[in-house]
Every structure is written in structure tokens, then in C-alpha cells.
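In case you want the letters, here they are:
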Amino acid sequence: MLDKELISKNKQEVEAKGELTKAGVYFSPSVDIYENKESIILLADMPGVSSENIDIHLEDNELRIQGHVVRNKNESPIVEEYRIGDYSRTFTLTNMIDQDKIQATMKDGVLRLELPKAQSVKPKKIAIKTG
């Protein structure tokens, strides 16, 4: 078994590829991606974002995730060590993913996307014919 060192990653601001229609800071959420026989699992860290403030958009094989952080208007910051901003990240999907069956859940600031594999790419056992 390999020892893996825990590496801390700082928030990275997203560089806009075009004009933004909303002023503010956008961060690229950190993601972990896993694979099993049935699907690809994507976990995106978006602290401060509730499920009502997430937009997941799929068009032309491009999956865009955006999360909006809502600050409590009754509280004024005294010390801010953690920069607040919205989240945005885009992924290009291949034909390996069955795009009609993508599912998303949000819990404790972590977005979980399940990207089911298309039937054509799932592992199959090939039968041997005798004769």
C-alpha cells in the first residue's frame, strides 16, 4: 500500500474566457473523479453553496457547473481569512457517458455528479462458441 501525502490546495480564481455578465469573484471548485464499472463519479467542493443555488448545464458535450454563495445580510465580517465567491467549472464529456442519465446530489457543500457509462462502453463478457 502506498502512503499518500495530504496536499493542501489553495482556492484558485477562475479566469473568464469571455465577458462575465455578473460582477464578482469566481473560483474553480476542487474536484475528485472516480470510476467504477457503471459510471464516473465527480465530487466538487463548493462550501457555502446550497442545492437551490447550483446550476448544472449540459450542451454540446460540455458540462458546466456553477454555484452561487449567498451571504447572510445580517452579519458583517470582522476577519475574513477565507475568500468568498461563486464557483464555476466546465468539463467536456465524451460519448462514453450516457448524458440522459446524469444525476446530481448536494450534501454538506459537496456536489456529487454520477455520470453513467453508455452501454456500448461497459465491460462485457464474450461467450466462446464451440463447434
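See the structure above.
Calculation rules
- Each chain has its residues counted from 1, following the order in which its sequence is written.
- It should be noted that, the model being predicted, local features are given only for residues of pLDDT at least 70 and side-chain atom pairs only at 80 or more, the latter also being counted only at that level, while totals for whole chains, interfaces and linings use all residues.
- Hydrogens and waters are ignored; side-chain quantities use all the structure's heavy atoms.
- Think of it this way: DSSP has to see at least two bridges between two strands before they count as a pair.
- The numbering of helices and of strands both runs from the N terminus, where a helix is a DSSP run of H or I of at least 4 residues and a strand a run of E of at least 2.
- The angle between two axes is taken between their N-to-C directions and runs from 0 to 180 degrees, where each axis is a line fitted to C-alpha atoms and a helix contributes only its stretch in contact.
- Geometry of aromatic contacts follows a simple scheme: Phe, Tyr and Trp rings, the Trp one being its six-membered ring, pair when their centres are within 6.5 Å, and the pair is stacked under 30 degrees between planes, edge-to-face over 60, tilted otherwise.
- When a residue's accessible area, from a 1.4 Å probe over protein chains only, is under 20% of the maximum for its type it is buried; when over 50% it is exposed; and in between it is partly exposed.

### Here we look at the sheet that holds strand 4 (residues 39-45)
(1) Moving on: Pairing is antiparallel in the open sheet, where four strands are placed in the order 3-4-9-8. The open sheet has two free edges, formed respectively by strand 3 (31-35) and strand 8 (103-107), since each of these has just one partner strand. Averaged over all adjacent pairs, the angle separating strand axes in this sheet is 15 degrees, with direction ignored.
(2) Moving on: In this sheet, strand 9 (residues 110-116) lies alongside strand 4 in antiparallel orientation, the contact comprising seven bridges. Across the sheet, the residue bridging to Ala 44 is Leu 111, located in strand 9.

### Here we look at the packing of aromatic side chains
(1) Moving on: A full pass over the atoms with the stated rule returns one aromatic pair.
(2) Moving on: With a centroid separation of 6.4 Å and 50 degrees between ring planes, the pair formed by Phe 27 and Tyr 87 is classed as tilted. Placement of Phe 27 in strand 2 (residues 26-28) and of Tyr 87 in strand 7 (residues 86-92) is noted, with a sequence separation of 60 residues between them.
(3) Moving on: By relative accessible area, Phe 27 is classed as buried at 2%.
(4) Moving on: Judged by its relative accessible area of 2%, Tyr 87 falls in the buried class.

### Side note on the pairing of strand 7
(1) Moving on: In terms of strand pairing, strand 2 meets strand 7 through two bridges, oriented parallel. The residue of strand 7 that forms the bridge with Phe 27 is Tyr 87.
(2) Moving on: Here strand 6 (residues 62-67) runs beside strand 7; their pairing, made up of six bridges, is antiparallel. Across the sheet, residue Gln 66 finds its bridge partner in strand 7, namely Ser 88.

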